[in-house]
Amino acid sequence: MELRYSLDHHWARRDSAERITVGLSEFAQREMGEVAYLELPEVGVRVAAGAAICAIESLKSAGELYAPVSGTIVARNEELAHSGGGRLINSDPLGAGWVFVMEMDDPGEYATLLSASEYARRTAGEI
């Protein structure tokens with residue numbers, strides 16, 4: 001499955017016409033260092049694109065994860081609550097370390113996210 005990326009260093013994978021799975025990009029995980037704590041988002045919460053969803057802390061910094069598109073949180077990765085605060089994000093940020101699933105208000109917003117090549121160029125400082 002193709003991943004798309006937000007400017008906030010989150011990845012999104014389209015699972016159906018209306019749903020996406022979201023996680024922290026490998027670039028962000030490397031920059032943050034070892035993730036020590038993640039506050040999972042509440043299921044059922046409706047958010048706007050760019051809104052803070054949940055808190056994340058590493059040994060080097062603290063921050064938030066943001067909604068890449070507008071929609072409703074419909075699932076969260078409960079395994080993260082049981083993986084030592086983020087071990088799955090550290091070891092597999094693009095797979096088992098996913099954070100939440102959203103049902104999009106406007107599926108067209110997904111197309112506004114960066115492609116993998118655009119994101120790679122941006123994180124390499126080329127754009």
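Residues numbered from 1 in each chain as written. Predicted model: local features only at pLDDT ≥ 70, side-chain atom pairs only at ≥ 80, totals over all residues. Heavy atoms only, no water.

Caption draft 1: Quick look at the sheet that holds strand S4 (residues 35–38). Reading across the sheet, the 3 strands line up as S4-S6-S7 and stay open at both edges, with antiparallel pairing between neighbours. The two strands at the open ends of the sheet, each matched to only one other strand, are S4 and strand S7 (62–66). Between one strand axis and the next, the sheet turns by 30 degrees as a mean value, whatever way the strands run. (Pairing = 2+ DSSP bridges. Helix = DSSP H or I, 4+ residues; strand = E, 2+ residues; numbered from the N terminus. Axes fitted to C-alpha atoms, helices over the stretch in contact; angles between N-to-C directions.)

Caption draft 2: Spatial organisation of the nonpolar core. With 25 residues, the main nonpolar core has Ile-20, Leu-24, Leu-38, Ile-56, Ile-89, Val-99 and Met-102 as its most contacted residues. Elements supplying a minimum of two residues to this core: strand S3 (19–24), helix H1 (26–32), S4, strand S6 (52–58) and strand S9 (100–104). With near-sequence residues (within four places) excluded, Leu-24 lies in contact with His-9, Trp-11, Gln-29, Met-32, Val-35, Ile-56, Leu-65, Ile-89, Pro-93 and Leu-94. The next biggest cluster of nonpolar side chains, apart from the first, holds 5 residues, and it includes Tyr-5, Trp-11, Leu-114 and Tyr-119. (Core = buried A, V, L, I, M, F, W, Y, C linked by side-chain atoms within 4.5 Å. Buried < 20%, exposed > 50% of the residue type's maximum accessible area, 1.4 Å probe, protein only. Contact = heavy atoms within 4.5 Å.)

Caption draft 3: The pattern of salt bridges, seen in detail. For the structure shown, the criterion picks out 6 salt bridges. Put simply, Glu-42 and Arg-76 hold a salt bridge, and the shortest N to O gap is 3.9 Å. With Glu-42 in the loop between S4 and strand S5 (46–47) and Arg-76 in strand S8 (residues 71–76), this pair connects stretches of sequence that are 34 residues apart. Taking the relative accessible area as the measure of exposure, Arg-76 reaches 25% and is therefore partly exposed. Notably, a salt bridge pairs Glu-78 with Arg-76, separated by 2.6 Å at the nearest N-O pair. (Salt bridge = Lys/Arg side-chain N within 4 Å of Asp/Glu carboxyl O.)

As far as function goes, none of this settles anything; it's purely spatial.
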